[in-house]
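Coordinate inspection notes
Read off the chains here:
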Amino acid sequence: MTDQRQMQIGEVAERTGLSLRTIRHYEEVGLVVPSARSKGGFRLYTESDVERLMVIRRMKPLDFSLEEMRDLLDITDRLASVDSPPAGADLERLRERLDAYRKTADARCETLRSRLAMAEDFAATLRGRMEAGA
């Protein structure tokens, strides 16, 4: 971990498309923790932190609550653990929970696709009315 390049919050915000305020909020609610702090107290992030923030960013449009995000990140952290990897019944429970989130994400994506199709149809109707009145 110490070999990873460290970035300040501004660079992380630029790379993720998240605001400084949003990144700080995610830290306050425990979704992401900077890997280190500089001697001056500035937050320092690694590529792993950026990847975690991108996962959070991708969950947001699917209306996952902060608690759901926290739970899902905990599941993926535990499944990726090298120090104490889950096994047996614990591993099976984690996989089942992860699959439940996948199904939820799939269903929410389908809802968004349906809503987008309706919105595009509406926009096309408005364009048609504009052209008819021109």
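Residues numbered from 1 in each chain as written. Predicted model: local features only at pLDDT ≥ 70, side-chain atom pairs only at ≥ 80, totals over all residues. Heavy atoms only, no water.

In terms of helices and strands, the protein carries 5 helices and 3 strands. In the protein, the succession of α and β elements from N to C terminus is β-α-α-β-β-α-α-α. By principal-axis analysis of the C-alpha atoms, the protein measures approximately 65 × 45 × 25 Å. Of the contacts made within the protein by residues no fewer than 6 positions apart, 52% connect residues no fewer than 24 positions apart. On the protein, roughly 9,300 Å² of surface is accessible, and the fraction owed to carbon and sulfur atoms is 53%. Of the charged side chains in the protein, 23 are positive and 24 negative; the average position of the first set lies 4 Å away from that of the second. (Helix = DSSP H or I, 4+ residues; strand = E, 2+ residues; numbered from the N terminus. Contact = heavy atoms within 4.5 Å. Areas by Shrake-Rupley, 256 points an atom, 1.4 Å probe, with all protein chains shown as cover. Lys, Arg positive; Asp, Glu negative; His and termini not counted. Charge placed at Lys NZ, Arg CZ, Asp CG, Glu CD.)

Let's shift gears to helix α2 (residues 20–28). Ile23, Tyr26 and Glu27 are the residues of α2 that are buried. Looking straight down α2, one finds that the buried residues subtend no more than 105° of arc, so they occupy a single side. Relative to its buried face, α2 has exposed residues pointing more than 90 degrees away, namely Arg21 and Glu28. Considering only its buried residues, α2 is in contact with α1 (9–16), β2 (36–37), β3 (43–45), α3 (47–59) and α4 (66–80). (Buried < 20%, exposed > 50% of the residue type's maximum accessible area, 1.4 Å probe, protein only. Arc of directions from axis to C-beta.)

Another aspect to go through is the pattern of salt bridges. Following the criterion strictly, the structure yields 14 salt bridges and no others. A salt bridge links Glu47 to Arg15, with the shortest nitrogen-to-oxygen separation between them at 2.7 Å. A residue pair is termed long-range when its members are at least 10 positions apart, and Glu47 in helix α3 and Arg15 in helix α1 qualify at 32 residues. For Arg15, a relative accessible area of 38% translates into the label partly exposed. (Salt bridge = Lys/Arg side-chain N within 4 Å of Asp/Glu carboxyl O.)

What follows is about the sheet that holds β2. One open sheet holds the 3 strands; their spatial order is β1-β3-β2, and the pairing between them is antiparallel. What marks the edges here is a single partner per strand, and that holds for β1 (7–8) and β2. Pairing between β2 and β3: 2 bridges, direction antiparallel. Residue pairing for β3: Arg37 is matched across the bridge by Arg43. (Pairing = 2+ DSSP bridges.)

Here we take up the nonpolar core. Taken as a class, soluble globular proteins show a tendency for nonpolar side chains to be buried jointly. Membership of the largest hydrophobic core comes to 24 residues, with the highest contact counts inside it found for Val12, Ile23, Tyr26, Leu53, Ile56, Met59 and Phe64. The set of elements that each furnish at least two residues to this core consists of α1, α2, α3, α4 and α5 (88–133). Here the element with the most residues in this core is α3; it accounts for 5 residues. Beyond its immediate stretch of four places on either side in the chain, Val12 contacts Met7, Ile23, Tyr45, Val50 and Leu53. (Core = buried A, V, L, I, M, F, W, Y, C linked by side-chain atoms within 4.5 Å.)

Let us look at unusual backbone geometry. One non-glycine residue, Asp63, lies in the positive phi region at around 60°. By the secondary structure assignment, Asp63 is in the loop between α3 and α4.

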